[in-house]
Structure formats: structure tokens, C-alpha cells
Amino acid sequence: MKIKICFIIPSLRAGGAERVMSFIAENIDSDRFTSQLLVIESEENKSYEIVQIPVIFLNKTRVRDGILQIISFIHKNNIEIVVSAISHVNSVMAFVSILFPKVKFVGRETIVKSAMAKVRKNSPKPSILSRLIVKVQASKLDAIICQSEDMRYDLKENYGYPAEKLVVLNNPITSNFRLKIKKNNNFQDFIVSLCMYGDTCHHPYIFFR
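Scoring rules and cut-offs
- Residues numbered from 1 in each chain as written.
- Predicted model: local features only at pLDDT ≥ 70, side-chain atom pairs only at ≥ 80, totals over all residues.
- Heavy atoms only, no water.
- Helix = DSSP H or I, 4+ residues; strand = E, 2+ residues; numbered from the N terminus.
- Buried < 20%, exposed > 50% of the residue type's maximum accessible area, 1.4 Å probe, protein only.
- Contact = heavy atoms within 4.5 Å.
- Pairing = 2+ DSSP bridges.
- Right-handed = clockwise from strand over helix to strand, strands pointing away.
- pLDDT = per-residue confidence, 0-100.
- Axes fitted to C-alpha atoms, helices over the stretch in contact; angles between N-to-C directions.
- Left-handed = near helix turned anticlockwise from the far one by under 90°.
- Nonpolar A, V, L, I, M, F, W, Y, C, P; charged D, E, K, R; others polar.
- Core = buried A, V, L, I, M, F, W, Y, C linked by side-chain atoms within 4.5 Å.
- Parallel < 35°, antiparallel > 145°, perpendicular 65-115°, else oblique.

Participant: Before we move on, could you go through the overall build of the protein chain and cite the residues and values that matter?
Facilitator: On a plain count of helices and strands, the protein chain comes out with six helices and nine strands. Counting the 209 residues in the protein chain, one finds 37% classified as buried. In the protein chain, of all internal contacts separated by at least 6 residues, the share reaching a separation of at least 24 is 60%.

Written out as C-alpha cells, the structure reads:
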């Protein structure tokens, strides 16, 4: 029997998270999985076609408005694994997971949370609700996919996510990817030094030509 897996994303707009998730949903091993893609928004907002797997549009503008439909879909289709992306969707699915103790719920993070907090210097401190949501994500999701080691480190050290739940999976490259032909321009070389966590630098240099 194939494993029934459902991928949940906010939309099929031209966003990085949406493109990666839909690509994985279409290309996951079809010998082992029966894959479906659940999209919160309307089909009218899509920027590209998904043809290899079923796509279900909930036609909602907000994730919370589609919670009952999501719960119904998981139940009626006997879904065994749910994979969601983007923090607010992951938060909703963490709460939904309480209703489905036998279903595995996986969340895919798209940002380094502490780095984003530094960018938003004028943002107020996290509310009690925000801290509760992070705690629920960390405890109720069965696994959290990180795009990089920096993201894994951040979730573990700064937000208390269990190390055993954090998995690093770098973004995929599609089969039609082609390297740009290097032009013989007189560009100078630049080295940018990055330090995300005080004195701890996991990837300290990025080289540009």
C-alpha cells in the first residue's frame, strides 16, 4: 500500500516556498507515496501549473478560514503524512495535529526567525500567544524541515525546538535548471562577511564576482 501524503501551502503564487513545496509534491517517489497538494487560496491566483498530482483549492483568503476544510480533507482521504510550509501554516497544522494522533505532521520553515526579529527592530516583544504557538509547534509537529544548518541552529538554540525533530533539507534544483553563461565583463571581486549569531559564524563568507 502506498503512503498517502498531503502537502499544504497558502497559494500557488510566484513565491519561493510555494514553488519548492509544489515541486517536491510533484516529484516525490510515486512508487511509495500517493501525493496531493492542498492550496488555501483560489486557483485564480496561481502562477504556474501542477499537472502530475491532484491539486485541491480551498478558495480562502486566510488559513484560519480553511481549518475545517483541512480537517475534513485529512479525515476523508485517510492522509498519513501532512507536510506544510511557512510559519503561520505550520502553526495551524500543529494545533490540527492534536485531532490526528496517528498522522505524522511535518512543517517546513522558510526563514531564520532570530534574523528576521533583528530586521524588525521596532517590533514589540513576542506576546504570550506567540510564545505559546512556538511551544505548540515544537511539541506537536513530528518533524521540522530546515533549509540550512543556520536555520536548524536557530530553532534549536533560540527557540527550544528538539534537536531530534530538526532535519536539514536544502532547496532542490529542478531538472530544467541551467547555469548562466559567464560573460567577459570587468566585474570586481567582493567578499561579504556574515555573522548571524554573535561570535558564532556558520557560513562567514559569501564570494561575489
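Participant: Tell me about the pairing of strand 4 (residues 81-85), and name the residues and values.
Facilitator: Most of strand 4 sits out of view: five of its five residues are buried. The two faces of strand 4 match: Ile81, Val83 and Ala85 on one face and Val82 and Ser84 on the other face are all buried. Bridging between strand 1 (residues 3-9) and strand 4 involves four bridges; their strand directions are parallel. Bridge assignment links cysteine 6 to a residue of strand 4, and that residue is valine 82. Note that strand 4 and strand 5 (residues 104-108) share five bridges and pair parallel. Considered in strand 5, the bridge of isoleucine 81 is made with lysine 104. Once you follow strand 4 into helix 3 (residues 87-96) and on to strand 5, the crossover reads as right-handed.

Participant: An account of the confidence of the model for the protein chain is needed here, citing residue identities and associated values.
Facilitator: Mean pLDDT over the protein chain works out to 82, with 79% of the residues at or above the 70 mark. Here strand 9 (residues 205-208) stands out as the least confident element of the protein chain, with mean pLDDT 40; helix 2 (residues 67-76) is the most confident, with 97. Scored below 50 in pLDDT, residues 190-209 shows 39 contacts in the model against residues more than four places distant or in partner chains.

Participant: Could you give an account of the packing of helix 3 against helix 5 (residues 128-140), naming the residues involved and the relevant values?
Facilitator: Orientation of helix 3 relative to helix 5, taken along the N-to-C sense of each, is 65 degrees, at an axis distance of 9 Å. When the axes of helix 3 and helix 5 are compared, the crossing they make is left-handed. For the pair helix 3 and helix 5, contact is made by Ser87, Asn90, Ser91, Ala94 and Phe95 and by Ile133, Val136, Gln137 and Lys140, respectively. The residue inventory of the contact of helix 3 with helix 5, partitioned by class, reads four nonpolar, four polar and one charged.

Participant: So what about the nonpolar core? Which residues, and what values?
Facilitator: If you look at the biggest cluster of nonpolar residues, it comprises 29 residues, and the most contacted ones within it are Ile8, Ile70, Ile74, Val82, Met93 and Phe105. Those elements that provide at least two residues to this core are strand 1, helix 2, helix 3, helix 5, strand 6 (143-146) and helix 6 (149-159). Sorting elements by how many residues they give to this core places helix 3 first, with five residues. The residues contacting isoleucine 8, other than those within four sequence positions of it, are Met21, Leu38, Ile40, Ile70, Val82, Val83, Ser84, Ala85, Val89 and Met93. Of all hydrophobic cores here, the second largest spans 21 residues; its members include Leu12, Ala25, Phe33 and Ile50.

Participant: Pulling in residues and values, what's your account of the packing of helix 2 against helix 3?
Facilitator: It is the contact of helix 2 with helix 3, at a shortest axis distance of 11 Å, that shows an interaxial angle of 55 degrees. Of the possible angle classes, the one that applies to helix 2 and helix 3 is oblique. Helix 2 and helix 3 meet at a crossing whose hand is right-handed. Note on element contacts: helix 3 touches helix 2 through Val92, Met93 and Val96, opposite Ile67, Ile70, Ile71 and Ile74. Tallied by class, residues from the contact of helix 2 with helix 3 come to seven nonpolar, no polar and no charged.

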